[in-house]
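Each chain is listed here by its residues.
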Amino acid sequence: MATYRLGAIASIATRIPHQNVAKLQRINIVRQLATGAGPKKSSSTLGLAVKGMAIGALVGTGWSGYSYFKGGPTDHMLHEHVGPKVLDKLPEVKIMRKVVNPKDDSGLDLVLFQFQTCPFCCKVRAFLDHSGLSYSVVEVDAVLRQDIRWSGSKKVPILLAKTKSGKYVQLTDSSMIVSSISSFLRDKMQDIGELAKYYPSISYENDAGKKVFDIMNKYFLMEERKWRAWADDHLVHLISPNVYRTKDEALETFEWFSDVGEWNIHFPKWERDLMVYVGAFAMWGISKRLKQRHQLSDDVRSHIYDACDRWISEIEKKKTIFHGGSQPNLADLAVFGVLNSMEGCQAFKDCLENTKIGPWFYAVKERVLKNRGNIL
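A brief look at the structure comes next. Since the model is a prediction, treat every value here as computed from it, not as a measurement. (Residues numbered from 1 in each chain as written. Predicted model: local features only at pLDDT ≥ 70, side-chain atom pairs only at ≥ 80, totals over all residues. Heavy atoms only, no water.)

## Points about the side chain of serine 106
Selection criterion: Going along the chain from the N terminus, every DSSP run of H or I of four or more residues is numbered as a helix, and every run of E of two or more is numbered as a strand. Within 3.5 Å is the distance limit for a polar contact, defined as a pair of N or O atoms, with the added protein rule that one can donate a hydrogen and the other accept it, and that residues adjacent in sequence qualify only through two side-chain atoms. We call two residues in contact when some of their heavy atoms are within 4.5 Å.
Relative to the assigned elements, serine 106 resides in the loop between strand S3 (97-100) and strand S4 (110-114). Here the side chain of serine 106 touches aspartate 104 through a polar contact of 2.8 Å, side chain to side chain. Polar side-chain contacts of serine 106 include one of 3.2 Å to the backbone nitrogen of leucine 108. Setting aside residues no more than four positions away along its own chain, serine 106 makes contact with Leu133, Phe184, Leu185 and Lys188.

This is the structure we're talking about:
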């Protein structure tokens, strides 16, 4: 969506400069006729044209950008910037486990609200673990979601990070979390609360005409933007249609979610069964709509096979173990995190059998687990 909006600006900008150039040329002709002076030599005419095009491009791009973000009278509520939410204290929730790394010298106090097998949550955990950070985990009820009612959001992951003032800044969107924490780790003298302000949510109208918010620069300040965006905008949308392909696969997937999320420990039996059976049936139905929305064929496996092959082909071009070379970079961790969300599902087993994703996947997993702290 961000690419689409920037593309719209670029499209407008390519039209306006030509109009400005023509206008400048007409003004130049009038001046010449009024003064009786013609062009001194061809080189000066060419220079003027180049200058005119440069000025036109500058003015056109600036005006189109201003008009785009300013909005017109009918969309004055769009493009509003909303900074990160700040809490005076932690909400009263049950911390279900902690990852403690004795080598963590970041000084960060982090609480992750998540679903254990959510692709975006897996991506955040892969990053936190690979970075050797300590953090607390709250497993959110996938149906009732009462543990995140305070947040104003229905989506996970949500990461609360303690600021220098003792308050907690709410970080949402997996890529924004990775970018902001990664930027902090480069300069630990920064305040994570101030750093989070560089990632405001910006409203826009989606294809359905509904006002929604997104973090426009969530990939900025960091490298590997292309493949991090690819993991969010393409790869992640292949997960649900594949793991919930049939009713049996959907139920098998939710049983696996229950096992790895320890739902039988953290939730009453009735709540655990509600999450498994209602969740499986609901996601089986939703996966059909997602398949249509993302224009996938009935052979949904072929799409995720193609994605795995494309990723491995990119790494093979580099002739390295990881996209980042000898060590995983943010792109490796993003793709790994998304695929890790379906590791126990039949869809992932099929990917191992039909693509070459296995060696890279388990190599990244080894590095992530090696750096991860102890789970308490």
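Still more ground to cover, so stick around.
## Describing the packing of aromatic side chains
The way to describe two aromatic rings as a pair is by their centre distance and the angle between their planes. Keep this limit in mind: Note on aromatic contacts: the rings of Phe and Tyr and the six-membered ring of Trp form a pair at centre separations within 6.5 Å, being stacked when their planes are under 30 degrees apart, edge-to-face when over 60 apart, and tilted otherwise. The cut-offs for exposure are 20% and 50% of the maximum accessible area for each residue type, with area from a 1.4 Å probe on protein chains only; residues under the lower value are buried, those over the upper are exposed, and the others partly exposed.
As enumerated under the stated definition, the model contains 13 aromatic pairs in all. Their ring planes at 70° and their centres at 5.4 Å tell us that tryptophan 227 and tryptophan 311 sit as a pair that is edge-to-face. Placement of tryptophan 227 in helix H6 (residues 225-233) and of tryptophan 311 in helix H11 (residues 300-318) is noted, with a sequence separation of 84 residues between them. Look at tryptophan 311 and you get buried, because its relative accessible area is 0%. Seen in terms of ring centroids, phenylalanine 348 and phenylalanine 361 are 4.8 Å apart; in terms of plane orientation they differ by 55°. Their pairing is tilted.

## Observations concerning the environment of threonine 246
You can see threonine 246 is positioned in the loop between helix H7 (239-243) and helix H8 (247-261). For threonine 246, a relative accessible area of 33% puts it in the partly exposed group.

## Details of empty space enclosed by the protein
Put simply, the rule reads: Method remark: on a 1 Å grid restricted to protein atoms, a set of points is classed as a cavity if a 1.4 Å probe fits but cannot get out and as a pocket if it is open with protein on both sides within 12 Å along at least five of seven lines; lining residues have an atom within 4 Å of a point. Grid points are joined across faces, edges and corners, and a volume is the space filled by probe spheres set on the points. When residue character is reported, Ala, Val, Leu, Ile, Met, Phe, Trp, Tyr, Cys and Pro are called nonpolar, Asp, Glu, Lys and Arg charged, and the others, Gly included, polar.
One pass over the full model with this rule turns up 1 cavity of 30 Å³ or more. Approximately 50 Å³ is the volume found for the largest cavity. Along the walls of the largest cavity sit Lys123, Phe127, Ser175, Val178, Arg228, Leu330, Leu333 and Ala334, which together make up its complete lining. When contributions to the lining of the largest cavity are tallied by element, the ones reaching two or more residues are helix H3 (119-130), helix H4 (174-186) and helix H12 (330-340). Residues of the lining of the largest cavity, tallied by class, amount to 5 nonpolar, 1 polar and 2 charged.

## Some points on helix H13 (residues 346-354)
An α-helix turns once every 3.6 residues. As a result, residues three or four positions apart point the same way. Put simply, the rule reads: The arc under discussion is defined with respect to the helix axis, by the directions toward the C-beta atoms.
Of the positions making up H13, those classed as buried are Ala347, Phe348, Asp350 and Cys351. End-on view of H13: buried residues confined to an arc of 160°, all on one side of the axis. Considering only its buried residues, H13 is in contact with H7, H8, H11, H12 and helix H14 (357-371).

## Points about the pairing of strand S8 (residues 201-205)
Note the following rule: A pair of strands is labelled paired if DSSP reports no fewer than 2 bridges between them.
S8 sits mainly inside the fold: 4 of its 5 residues count as buried. Sheet topology places strand S1 (residues 81-82) next to S8; 2 bridges connect them, and they run antiparallel. In the sheet register, valine 82 faces S8, and the bridge partner there is serine 201. Bridge analysis of S8 against strand S9 (residues 211-215) gives 5 bridges, and the strand direction is antiparallel. Among the inter-strand pairings, glutamate 205 is bridged to a residue of S9, identified as lysine 211.

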